[in-house]
Amino acid sequence: MLENIYNRLNNYSRERFLSRFLLINEKLIGFILTAYIANKISYSDIGFWSQIIYFSGLYNSLAGLNISNSIISIVPRIKTNLEKYELIFKSGLLLSFIGFSTGLFLLLIKGEISNLFFDKIINFNIFSIILLIGFCEMILEFILFSFRSINNFNFSNYILTLKILPRIFVFIGAYYNNVSLMIYIFAATYLFSLLSILLKLYLSKKNNILFLIKQIKNNMSLLGPRPYLKSLFIISKKSIFATFTASIFFFFARSIILSQIGLRGVGEFSLAISAGAIVMFLTNFIGFTFYPYISNLAIDEKKIAFKKTNQLCLRLIYFS
């Protein structure tokens, strides 16, 4: 029996280590891609590519309402597995609906968005692909954080692996000095990753999913479990405000550069800040691994959790 416990703990530690390794690689590949395209395509193309990544990320953050981060805070506090799965499933449906509705609205104002973010009118296909990238990233992130909230590192590592694929395959478009090819490859690989995750999720959790669908059909309600769903939206409301505030700086900075210099200036700007962003490897790595631990600790030991969070924040500030 002790040997079985030891083996489980050993596997758990390996899965957590792999999770951190994959997270670092995802950020590192993104940094290498930036350095690579700096020597392959023009500053204007780099600016266009940078704006695509920025806008799809902005869509992901605002349409996603930071529900992913809220999930990892709320789920560990729920006692029964049924209520955990119910909250995750209903939150996922709500997130998909909000994301899809937001995408349709943005398509209606495509011209204004194009001028604001790209200084030109981009065609319907490219704009739809940009939204597809943001939507896929949003859903993948939600699934990733959902499985981390229930400490299923094995499945979350599978998601992290598929999230890296778009950043690897996009090198093909950069190699051929073709930003349009980069966009199509990036979107196609992201869509493949999302569909692969959803298929694997359905096959592995088929009974649970069908049970929850039947329960929603019988109750005709997506608003549950109510106390946890209310907490989810309270945390989401606060975190989305913080995200929006942080996005304002880059929005105005990019807008001013775009209006004064054009996409070439945005390309130069994005390359300049990418070097400083390497510090984010550390903060993302620590936040991704430390936050679930603190979230679980805060259920019973709030003072200790608060103290540990303060200590870590101060160390990060000094190190940065």
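Our structure's up above, just so we're on the same page.
Below, the structure is looked at part by part. (Residues numbered from 1 in each chain as written. Predicted model: local features only at pLDDT ≥ 70, side-chain atom pairs only at ≥ 80, totals over all residues. Heavy atoms only, no water.)

**Here's the deal with the overall build of the protein chain**
Phase 1: Per the secondary structure count, the protein chain includes 13 helices and zero strands.
Phase 2: Ordered by position in the sequence, the α and β elements of the protein chain form the string α-α-α-α-α-α-α-α-α-α-α-α-α.
Phase 3: The 320 residues of the protein chain split such that 42% are buried.
Phase 4: Pairs at least 24 residues apart make up 78% of the contacts formed inside the protein chain by residues separated by at least 6 positions.
Phase 5: Summing over all exposed atoms, the protein chain offers an accessible surface of approximately 17400 Å²; the carbon and sulfur share of this is 66%. (Helix = DSSP H or I, 4+ residues; strand = E, 2+ residues; numbered from the N terminus. Buried < 20%, exposed > 50% of the residue type's maximum accessible area, 1.4 Å probe, protein only. Contact = heavy atoms within 4.5 Å. Areas by Shrake-Rupley, 256 points an atom, 1.4 Å probe, with all protein chains shown as cover.)

**Examining the side chain of Ser-196**
Phase 1: Structurally, Ser-196 can be placed in helix H8 (residues 179-204).
Phase 2: We classify Ser-196 as buried; its relative accessible area is 18%.
Phase 3: Contact partners of Ser-196, with chain neighbours within four places excluded, come to Tyr-158 and Leu-162.

**Here's the deal with the layout of surface pockets**
Phase 1: Here the second largest pocket is characterised by a volume of approximately 560 Å³.
Phase 2: Lining the second largest pocket are 20 residues; nearest its centre among them are Ile-88, Phe-89, Phe-142, Leu-201 and Ile-209.
Phase 3: Of all the secondary structure elements, the ones that give two or more residues to the lining of the second largest pocket are helix H4 (81-108), helix H6 (124-149), H8 and helix H9 (206-219).
Phase 4: Per-class residue counts for the lining of the second largest pocket are 15 nonpolar, four polar and one charged. (1 Å grid on protein atoms, 1.4 Å probe; cavity = no way out; pocket = protein on both sides within 12 Å on 5 of 7 lines; lining within 4 Å. Points joined across faces, edges and corners; volume = space filled by probe spheres on them. Nonpolar A, V, L, I, M, F, W, Y, C, P; charged D, E, K, R; others polar.)

**A look at a nonpolar patch on the surface**
Phase 1: A cluster of nonpolar side chains, Ile-168, Phe-169, Ile-172, Tyr-175 and Tyr-176, forms an exposed patch at the surface whose accessible area comes to about 530 Å².
Phase 2: Relative to the elements of secondary structure, Ile-172 occurs in helix H7 (residues 153-175). (Patch = residues over 30% accessible without salt bridge, like charges linked within 9 Å, V, L, I, M, F, W, Y side chains within 5 Å. Salt bridge = Lys/Arg side-chain N within 4 Å of Asp/Glu carboxyl O.)

**Overview of the packing of aromatic side chains**
Phase 1: Under the counting rule described, the total for this entry stands at eleven aromatic pairs.
Phase 2: Look at Trp-49 and Phe-186: their rings are 5.3 Å apart centre to centre, the planes differ by 80°, and that puts the pair in the edge-to-face class. In this pair, Trp-49 sits in helix H2 (residues 43-64) while Phe-186 sits in helix H8, placing the two residues 137 residues apart along the sequence.
Phase 3: By relative accessible area, Phe-186 is classed as buried at 4%. (Phe/Tyr/Trp six-rings, centres within 6.5 Å; stacked < 30°, edge-to-face > 60°.)

**A look at unusual backbone geometry**
A negative phi angle characterises most non-glycine residues, just as the trans form characterises most peptide bonds.
Phase 1: Its identity is not glycine, yet Asn-177 carries a phi of approximately 55°, on the positive side.
Phase 2: Along the polypeptide, Asn-177 turns up in the loop between H7 and H8.

**As for H6**
For an α-helix, 3.6 residues make a turn, and residues three or four places apart therefore share a direction.
Phase 1: Taking 1.5 Å per residue as the helical rise, H6 with its 26 residues ought to reach 38 Å, and the 37 Å between its terminal C-alpha atoms agrees with that figure.
Phase 2: Of all 26 residues making up H6, 20 are buried, and the element is well covered by its neighbours.
Phase 3: Here H6 starts with a cap whose side-chain oxygen sits 3.1 Å from the backbone nitrogen of Asn-125, and that cap is Asn-123.
Phase 4: One or two steps after H6, the chain reaches Asn-151, where phi turns positive at roughly 60°. (Expected span 1.5 Å × (residues − 1). Polar contact = N/O pair within 3.5 Å; in protein donor to acceptor, adjacent residues only side chain to side chain.)

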